[in-house]
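Chain and residue survey
Listed below are the residues making up each chain.
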Amino acid sequence: MVTESFRSALELLRTPAAWLPGIASGFFCASFIFLQFFSGIFIAERLWILEMLVFPFFVAGLMHLVKTGERSLSAFISGGTGKYFRVLLPSLIIFFWLILTLILLFIPLALLGVAETAFVFVVMSTSFTVLLFTFFYDAAAIIEERKVFDAIRRSAEFVLQQTRACMVFYLIALAIFFSAFFLTLLAWTAALYERLEPLATMSAVEIQSFSPSRFNELLGYNGILVTAFLAFIAVTMAVSLIYSFKACFFRDHAGTPTAVTLQGEYDEKGRWFKY
């Protein structure tokens, strides 16, 4: 069943509009690489705020195509504009919820004096847990037309109900991500081998003190151009395939939510009493 959803995602990608979320992500990634080269990392990091506000439009458009079965660009745009806030608002809630959770976790760790030691582990484990259960919030918001908090709840419910299928989905998604990363890394190393060769002669201490500005100088403009191009291709491919797969997977496995049967009776005045 999961493989059938994957094949449906590949069929969906025959539609040009289905590539737009990946193209948008690839554009932002390539723009980040250029901005940090010309304007510094501080300015480049602000680009991710813009992506957080713009990307929900593309996700909503893709989910709308999967829900309705339409394949036109006009349907994508109408779905993206009409259901933009259905994706944006839950994503902001999840983001700030994650930040608040990390802050609350770091307070006792800081008091114990182990905050710096446990920083990476806490961030990765907390982010992984939140992402694991909320990953399908956008699909629930569009395909099932769930409201803000209900979309987040529905995502967690879906993962718990379809645990085995979701684990297979996550493994395939990770395989897509790491394959794109590995192949891009190979192509990047082959294309810029002469520029990267000095890194092989550096000691571990020199590499740790290697700043982004020095790395930019090592690559040069042409190296940054190649890096941005390869990043654009890799991110476009990975995001397009994973998000199309996610939409088809949720559509195929969510089904109709199980109705909750309430047991009780009415009294003589018409009041309901639940057992």
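Residues numbered from 1 in each chain as written. Predicted model: local features only at pLDDT ≥ 70, side-chain atom pairs only at ≥ 80, totals over all residues. Heavy atoms only, no water.

1. Focus on the packing of helix H6 (residues 84-112) against helix H7 (residues 115-134)
- Direction vectors running N to C along H6 and H7 enclose 150°, while the axes themselves pass 10 Å from each other. Here H6 is positioned roughly antiparallel relative to H7, judged by the angle of their axes. In the packing of H6 onto H7, the handedness of the crossing is right-handed. For the pair formed by H6 and H7, the contact residues are Ile94, Trp97, Leu98, Thr101, Leu102, Leu105, Phe106, Leu109 and Ala110 on the first element and Ala115, Ala118, Phe119, Val122, Val123, Thr126, Ser127, Val130 and Thr134 on the second.
- Residue composition of the contact of H6 with H7, by class: 14 nonpolar, four polar and no charged. (Axes fitted to C-alpha atoms, helices over the stretch in contact; angles between N-to-C directions. Helix = DSSP H or I, 4+ residues; strand = E, 2+ residues; numbered from the N terminus. Parallel < 35°, antiparallel > 145°, perpendicular 65-115°, else oblique. Left-handed = near helix turned anticlockwise from the far one by under 90°. Contact = heavy atoms within 4.5 Å. Nonpolar A, V, L, I, M, F, W, Y, C, P; charged D, E, K, R; others polar.)

2. Remarks on the environment of Glu51
- Mapping Glu51 onto the fold places it in helix H4 (residues 47-68).
- Overall, Glu51 belongs to the buried group, its relative accessible area being 12%.
- Note: C-alpha distance between Glu51 and Ala24 (27 residues apart in sequence) is 8.6 Å. (Buried < 20%, exposed > 50% of the residue type's maximum accessible area, 1.4 Å probe, protein only.)

3. Comments concerning the layout of surface pockets
- The calculated volume of the second largest pocket comes to roughly 220 Å³.
- Lining of the second largest pocket is provided by 15 residues; of these, Ala180, Ile233, Ala234, Met237 and Ala238 occupy positions nearest its centre.
- Contributing elements (two or more residues each) for the lining of the second largest pocket: helix H10 (163-191) and helix H13 (212-254).
- Of the residues in the lining of the second largest pocket, the class split is 13 nonpolar, two polar and no charged. (1 Å grid on protein atoms, 1.4 Å probe; cavity = no way out; pocket = protein on both sides within 12 Å on 5 of 7 lines; lining within 4 Å. Points joined across faces, edges and corners; volume = space filled by probe spheres on them.)

4. Notes on the pattern of salt bridges
- Applying the stated criterion across every chain, the model contains 11 salt bridges.
- Taking the shortest distance from any N to any O, the salt bridge between Arg154 and Glu157 comes out at 2.7 Å. Of the two residues, Arg154 and Glu157 are both situated in helix H9 (residues 148-161); the distance of three residues between them amounts to about one turn of the helix.
- When its relative accessible area of 0% is taken as the criterion, Arg154 is described as buried.
- Taken together, the shared-partner salt bridges in this structure form one network comprising Glu144, Arg146, Asp150, Arg153, Arg154 and Glu157. (Salt bridge = Lys/Arg side-chain N within 4 Å of Asp/Glu carboxyl O.)

5. A closer look at the nonpolar core
- Grouped together as the largest cluster of nonpolar side chains are 56 residues, with contacts concentrated most on Phe136, Tyr170, Phe249 and Phe250.
- Looking at this core, the element that brings in the most residues is H13, giving 10 residues.
- Apart from the residues lying within four places of it in its own chain, the contact partners of Phe250 are Phe136, Ala139, Ala140, Ile143, Glu144, Arg154 and Phe158.
- One finds Ala30, Trp188, Leu192 and Ala231 within the second-largest nonpolar core, a separate group that totals 15 residues. (Core = buried A, V, L, I, M, F, W, Y, C linked by side-chain atoms within 4.5 Å.)

6. Focus on a nonpolar patch on the surface
- A cluster of nonpolar side chains, Met52, Phe95, Phe96, Ile99, Leu100, Ile103, Leu104, Ile107 and Leu111, forms an exposed patch at the surface whose accessible area comes to about 870 Å².
- For the nonpolar patch, the element with the highest residue contribution is H6, accounting for eight residues.
- Leu100 gets classed as partly exposed once you look at its relative accessible area, which sits at 47%. (Patch = residues over 30% accessible without salt bridge, like charges linked within 9 Å, V, L, I, M, F, W, Y side chains within 5 Å. Areas by Shrake-Rupley, 256 points an atom, 1.4 Å probe, with all protein chains shown as cover.)

7. Remarks on unusual backbone geometry
- Unusually for a residue other than glycine, Glu145 sits at a positive phi of about 55°.
- Note on placement: Glu145 falls in the loop between helix H8 (137-143) and H9.

8. Section: the side chain of Ser31
- Structurally, Ser31 can be placed in helix H2 (residues 20-38).
- Among the polar contacts listed, one links the side chain of Ser31 to the backbone oxygen of Phe27, at a separation of 2.7 Å. (Polar contact = N/O pair within 3.5 Å; in protein donor to acceptor, adjacent residues only side chain to side chain.)

9. Comments concerning H4
- Spanning 22 residues, H4 covers 32 Å between terminal C-alpha atoms, matching the ideal 32 Å at 1.5 Å per step.
- At Leu53, H4 is deflected by roughly 35°, the largest bend along its length, and proline Pro56 occurs up to four residues later in sequence.
- In the segment just after H4, Gly69 is the residue with positive phi, at about 80°. (Expected span 1.5 Å × (residues − 1). Bend = angle between axes of the 7 residues up to and from the residue.)

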